[in-house]
Amino acid sequence: MHEISLVRTIFRTLDDNFTPEELSKVMAIDLKVGPLANVETILLQNAFDAVVEEDEVRFKGVQLRVNLVPILVQCPDCEQITEVHNYKFVCICGKPCGNVVQGNELLIERVEMRD
Ligand SMILES: [Zn+2]
């Protein structure tokens, strides 16, 4: 299941960016996920719970929040940024447009810690 390895990558990223002391204060992790990242929110949530249960007990009780962002494309002709609905990659000027500027991401947006 590819969500499991994503969750492990998230924990690795946290380890690279925070001290163990800081990580002991984590209350919630906010993820920014684009529709093109190929991630099912519910599967990611389940994977997170499973990994925490198995080998990341230090994150027990930590809330994972998955924030979905829309797909945005920027038109090479008119340079407008358009939100993509139903995977129709068309600029509002009518030109087909595959220049994705948002929608692929799977990022840690914010880590909430106790004071
Ligand atoms: Zn356009």
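Since the structure is predicted, the reported quantities are computational estimates derived from the model, not experimental observations. (Residues numbered from 1 in each chain as written. Predicted model: local features only at pLDDT ≥ 70, side-chain atom pairs only at ≥ 80, totals over all residues. Heavy atoms only, no water.)

Visitor: Provide a residue-level description of the sheet that holds strand β2 (residues 63–68), including the pertinent values.
Guide: One open sheet holds the three strands; their spatial order is β2-β1-β6, and the pairing between them is mixed. What marks the edges here is a single partner per strand, and that holds for β2 and β6 (106–113). Here the average twist between neighbouring strands, direction ignored, is 20°. Pairing of strand β1 (residues 26–33) with β6, which is carried by seven bridges, proceeds in the antiparallel orientation. Considered in β6, the bridge of Lys32 is made with Leu107. Against the sheet, helix α1 (residues 2–17) touches β1 and β6, its axis set at about 55° to β6. Packing against the sheet, helix α3 (residues 41–55) makes contact with β1 and β2, and its axis sits at approximately 160° to β2. (Pairing = 2+ DSSP bridges. Helix = DSSP H or I, 4+ residues; strand = E, 2+ residues; numbered from the N terminus. Axes fitted to C-alpha atoms, helices over the stretch in contact; angles between N-to-C directions. Contact = heavy atoms within 4.5 Å.)

Visitor: Explain the coordination of the zinc ion to me, using residue names and the numbers behind them.
Guide: Within the protein, Cys75 (SG), Cys78 (SG), Cys91 (SG) and Cys93 (SG) serve as the donor atoms for the zinc ion, at 2.2 to 2.3 Å. Taken together, the four donor atoms coordinating the zinc ion and their angles of 99 to 119° define a geometry best described as tetrahedral. Taken in chain order, the donor set of the zinc ion reads C-x2-C-x12-C-x1-C. Taken as a pair, Cys78 in the loop between β3 (71–74) and β4 (81–84) and Cys91 in the loop between β4 and β5 (100–102) lie far apart in primary sequence, 13 residues in all. Take Cys78: its relative accessible area is 32%, and that puts it in the partly exposed class. With relative accessibility at 4%, the residue Cys91 sits in the buried group. (Donors = N, O, S within 2.8 Å, 3.2 Å for Na, K, Ca; no water. Tetrahedral: all angles 85-135°; square planar, octahedral: opposite > 155°, others 65-115°. Buried < 20%, exposed > 50% of the residue type's maximum accessible area, 1.4 Å probe, protein only.)

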